[in-house]
Amino acid sequence: MVESLVKILLIEDNLAEARLLQELLTGATHKSSEFSLLHVKRLGDGLRELSQCQITDIKCPFDVVLLDLTLPDSDGLASLPPLINLAPSLPIVVLTNTNDEELALDAVRQGAQDYLVKRQINGAMLLRSLRYAIERKHALENLRTVNHTLEMRVEEYTAELIKKQEINEFKSEFVSMLSHDIRNPLNTILLAAGLLQNNEARLSPEKKHLHFQLIRSAIKNMAQLLDEASFIGKADAGKVHCELDEINLETFCRQLIHEAHLTISEKRLNVIYESSGATSTGLWDETLLRHILGNLLNNAIKYSHEGGDIRFQLFSDIHQVTFKIQDSGIGIPHEDLPKLFHPFHRAENVGAIPGTGLGLSIVKKCVDAHGGKISVSSQVDIGTTFTVILPLVSE
């Protein structure tokens, strides 16, 4: 309920009518302690009184505004918008000498809580109108608050539903792509095993060895695909943790290049390794670091033109380490860059070059787990450069 003391801001240019209104209220309450009234003559004065609440950030000292529609600096319903804009939660009761039903309806439509004709009111009617206006305005504000809260909750629930739908769609796409990519090595195994089973007597040792190699290679590809899919699943479930161990980056990077020596030699590539900086030893997760640099180096080898150059650079300072792996390969089309780290996404120009589309997604998740950043720059048919920056953690 409204407090017993009703605090009124009266905006009325006629002193006699202002005094009459005060007398009506006093007569209706039989004492002036049930209301307080501040009288101003102009709309501008009323706006200044209300603006003090905003400037000083204090609670508005008024419960209701009594507004005459004929003022020296404003006329008619034009007085309503400035008051409502300045104090939207404050109820306004309009006073006028005109008994105009259409004007009354317009006033209410524009935000007034009531419309009173001066010569038709008495003290009890005026006080009741003020109290009802305050109650209605409070109820309206409460309703708006509830509606706003409901809207916020609906938006939150809608966002959650969209996110769940996106996750379900991703899971469906993930399973579909995984099934497709597993089917290829499975078909290779079935074909090679069938040839060995049905033509064992007629196959030369060299042919048998070739088919066994195909089977081993297909099994290796399946195992890699399943490992990558498993890693993506763990990362999405928040189960990838960074377990730090001391690593000498110089030794680690050279070891990765050595492990890739066979494929480097097959394509007659020239790998140029460079390092600079005072720090080469720090704390990193070796498994995650191997995912990051191993995938980037393998991609550089895979997508480079035969006989091209690969530049592997390591820079370090007291705060961070930077890895740059630059190839001279097919490059990445500009339109593919925004989705480059999405699972299963492969650039449109890869052609028949094998791959699952999971490697760069894994790289991104491993970089994130280290609290690092990854960026890429690329030009089609010129090459691609990946830059990884990881924070340096020391004991």
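Residues numbered from 1 in each chain as written. Predicted model: local features only at pLDDT ≥ 70, side-chain atom pairs only at ≥ 80, totals over all residues. Heavy atoms only, no water.

I keep staring at the overall build of the chain and nothing clicks. Help me out?
In terms of helices and strands, the chain carries 10 helices and 14 strands. By residue count, 38% of the 395 residues in the chain fall in the buried class. A fraction of 69% describes how many contacts in the chain between residues 6 or more apart in sequence connect residues 24 or more apart. (Helix = DSSP H or I, 4+ residues; strand = E, 2+ residues; numbered from the N terminus. Buried < 20%, exposed > 50% of the residue type's maximum accessible area, 1.4 Å probe, protein only. Contact = heavy atoms within 4.5 Å.)

Any chance you could explain the packing of aromatic side chains here in plain terms?
Aromatic rings considered in pairs are described by the distance between their centres and by the relative angle of their planes. All told, the structure shown has one aromatic pair when counted by the stated rule. Between Tyr273 and Phe312, the aromatic rings sit 5.6 Å apart at their centres with planes inclined by 70 degrees, giving edge-to-face as the arrangement. You can see Tyr273 sitting in strand β9 (residues 270-276) and its partner Phe312 sitting in strand β11 (residues 309-316), a full 39 residues away along the chain. For Phe312, a relative accessible area of 0% puts it in the buried group. (Phe/Tyr/Trp six-rings, centres within 6.5 Å; stacked < 30°, edge-to-face > 60°.)

Please clarify how unusual backbone geometry should be interpreted in this entry.
What is expected of a backbone is that most residues other than glycine have negative phi and most peptide bonds are trans. The phi dihedral of Arg268 is positive, around 50 degrees, even though this residue is not glycine. By secondary structure assignment, the location of Arg268 is in the loop between α8 (261-266) and β9. Within the chain, Asp381 stands out as a residue other than glycine whose phi angle is a positive 70 degrees. Looking at the element boundaries, Asp381 is found in the loop between β13 (373-379) and β14 (383-391). What makes Asp381 exposed here is its relative accessible area of 57%.

In this structure, what is going on with the nonpolar core? I would like to understand it.
Generally speaking, nonpolar side chains in soluble globular proteins are found buried as a group. Counting 47 residues, the largest nonpolar core has Leu289, Leu293, Leu297, Phe312 and Phe323 as its most contacted members. Looking at this core, the elements that each hand over two or more residues are α6 (205-236), α7 (249-259), α9 (286-303), β11, β12 (320-326), α10 (359-369) and β14. With nine residues, the single largest contributor to this core is α9. With residues up to four places along the chain from it excluded, the contact list for Phe312 reads Cys253, Ile257, Ile272, Tyr273, Glu274, Leu293, Leu297, Phe323, Lys324 and Ile325. (Core = buried A, V, L, I, M, F, W, Y, C linked by side-chain atoms within 4.5 Å.)

For this particular structure, what's the right way to read the sheet that holds strand β1 (residues 6-11)?
The pairing of strands in a sheet happens through backbone hydrogen bonds and is either parallel or antiparallel. The sheet built from five strands is open, its strands ordered β2-β1-β3-β6-β7 with parallel pairing. Two strands in the sheet have a free side with no partner beyond their single neighbour: β2 (35-40) and β7 (114-117). Strand-to-strand, the axes of this sheet are offset by a mean angle of 20 degrees, without reference to chain direction. Here four bridges tie strand β6 (residues 92-96) to β7, and the two strands are oriented parallel to one another. (Pairing = 2+ DSSP bridges. Axes fitted to C-alpha atoms, helices over the stretch in contact; angles between N-to-C directions.)

It is not clear to me how the pattern of salt bridges should be interpreted in this structure. Could you clarify?
Side chains that differ in sign of charge can pair as their charged atoms come close. Applying the stated criterion across every chain, the model contains 11 salt bridges. As a salt-bridge pair, Glu259 and Arg290 come within 2.8 Å of each other at their nearest N and O atoms. Highlighted residues: Glu259 in helix α7 and Arg290 in helix α9, separated in sequence by 31 residues. The network of salt bridges with common partners includes Glu12, Glu17, Asp68 and Lys118. (Salt bridge = Lys/Arg side-chain N within 4 Å of Asp/Glu carboxyl O.)

I would appreciate a short explanation of the sheet that holds β12 in the present structure.
Pairing is mixed across the open sheet formed by five strands, whose spatial order is β9-β11-β12-β14-β13. A strand with exactly one partner marks an edge of an open sheet, and here the two such strands are β9 and β13. For this sheet, the mean inter-axis angle between neighbouring strands, taken without regard to orientation, is 10 degrees. Direction of pairing for β13 relative to β14: antiparallel, over a ladder of seven bridges. Across the sheet, residue Gln379 finds its bridge partner in β14, namely Gly383.

Looking at this model, I keep getting lost on the side chain of His211. Mind explaining?
Mapped onto the secondary structure, His211 falls in helix α6. Sequence-distant contacts of His211, that is, excluding residues within four places in its chain, are made with Ala192, Leu195, Leu196 and Leu203.

When you look at the state of the cysteines in this model, what are you seeing that I'm missing?
In protein chemistry, a disulfide is the covalent bond that joins the sulfur atoms of two cysteines. Taken as a whole and judged by the stated rule, the model has zero disulfides. No disulfide involves Cys242; its sulfur sits 9.2 Å from that of Cys366, the nearest cysteine. On the accessibility criterion, Cys366 (0% relative accessible area) is buried. (Disulfide = S-S within 2.5 Å.)

Explanation requested: the environment of Leu210 in the structure shown.
Following the sequence through the fold, Leu210 ends up in helix α6. Separated by 18 residues in the primary sequence, Leu210 and Ala192 have C-alpha atoms spaced 9.0 Å apart.

Hey, could you run me through the environment of Lys118 in this one?
Along the chain, Lys118 falls in the loop between β7 and α5 (123-198). Here the alpha-carbon distance between Lys118 and Asp68, two residues 50 residues apart in the chain, equals 9.5 Å. In terms of polar contacts, Lys118 uses its side chain to reach the side chain of Asp68, at 3.2 Å. (Polar contact = N/O pair within 3.5 Å; in protein donor to acceptor, adjacent residues only side chain to side chain.)

Would you take a moment to explain helix α4 (residues 101-109) for this structure?
An α-helix turns once every 3.6 residues. As a result, residues three or four positions apart point the same way. Its side-chain oxygen 3.0 Å from the backbone nitrogen of Glu102, Asp100 forms the N-cap of α4. Once α4 finishes, Gly111 follows within two positions and takes phi at roughly 125 degrees, a positive value.

Any chance you could explain the packing of α9 against α10 here in plain terms?
Think of two packed helices as two axes; the pair is described by the angle between the axes and how far apart they sit. Look at α9 against α10: their axes get within 9 Å of each other, and the N-to-C directions meet at 145 degrees. Note on packing geometry: the crossing formed by α9 with α10 is left-handed. Here Leu288, His291, Ile292, Asn295, Leu296 and Asn299 of α9 come into contact with α10, specifically with Gly359, Leu360, Ile362, Val363, Cys366, Val367 and Ala369. Of the residues belonging to the contact of α9 with α10, the class tally is nine nonpolar, four polar and no charged. (Left-handed = near helix turned anticlockwise from the far one by under 90°. Nonpolar A, V, L, I, M, F, W, Y, C, P; charged D, E, K, R; others polar.)

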